[in-house]
Amino acid sequence: QVQLVESGGGLVQPGGSLRLSCAASGSIFGINVMGWYRQAPGKQRELVAAITSSSSTNYADSVKGRFTISRDHAKNTVYLQMNSLKPEDTAVYYCKGDITLTVDVTQTYSYWGQGTQVTVSS
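The rules behind the values
- Residues numbered from 1 in each chain as written.
- Predicted model: local features only at pLDDT ≥ 70, side-chain atom pairs only at ≥ 80, totals over all residues.
- Heavy atoms only, no water.
- Pairing = 2+ DSSP bridges.
- Helix = DSSP H or I, 4+ residues; strand = E, 2+ residues; numbered from the N terminus.
- Axes fitted to C-alpha atoms, helices over the stretch in contact; angles between N-to-C directions.
- Disulfide = S-S within 2.5 Å.
- Buried < 20%, exposed > 50% of the residue type's maximum accessible area, 1.4 Å probe, protein only.

## Overview of the sheet that holds strand β7 (residues 67-72)
- Strand order across the open sheet formed by four strands is β1-β3-β8-β7, with antiparallel pairing between neighbours. Both edges of this open sheet fall to β1 (2-7) and β7, since each of them pairs with a single strand only. Going from strand to strand, the sheet's axes swing by 15° on average, the running direction of each strand aside.

What follows is the structure in structure tokens.
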């Protein structure tokens, strides 16, 4: 019913930049919170950044000042601009959306994308 598709990952050198995108599609009534998570090898999945429908944002301390989350409500898309990338940013990045479907507008569920690999290495 709902599909989240991430794009923009790849291999970059330390200090470089990447812009991740995640577009939600399907019978969507509305989207509340959208966020980016990441999971590095041998590590737990962690929240990187989140943004609400009112554009309130939250960032992990490790990425503050370097990453910026934004969203385009009309396109049901969330972005993550990543600057000054470090090797420790290497991970699979997943987007998540808290989405209400038209088939049942009284409930909201979380949906996950398949992930996009970000590798920061020289």
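## Brief notes about the state of the cysteines
- The full count for this structure, using the stated rule, is one disulfide.
- Disulfide pairing is shown between Cys-22 and Cys-95; the S-S distance is 1.9 Å. Taking the sign of the S-S torsion, about 40° here, the bridge from Cys-22 to Cys-95 comes out right-handed. Separated by 73 residues along the polypeptide, Cys-22 in strand β3 (residues 18-26) and Cys-95 in strand β9 (residues 91-101) bring together distant segments of the chain. In this structure, Cys-22 and Cys-95 share a single accessibility class: buried.

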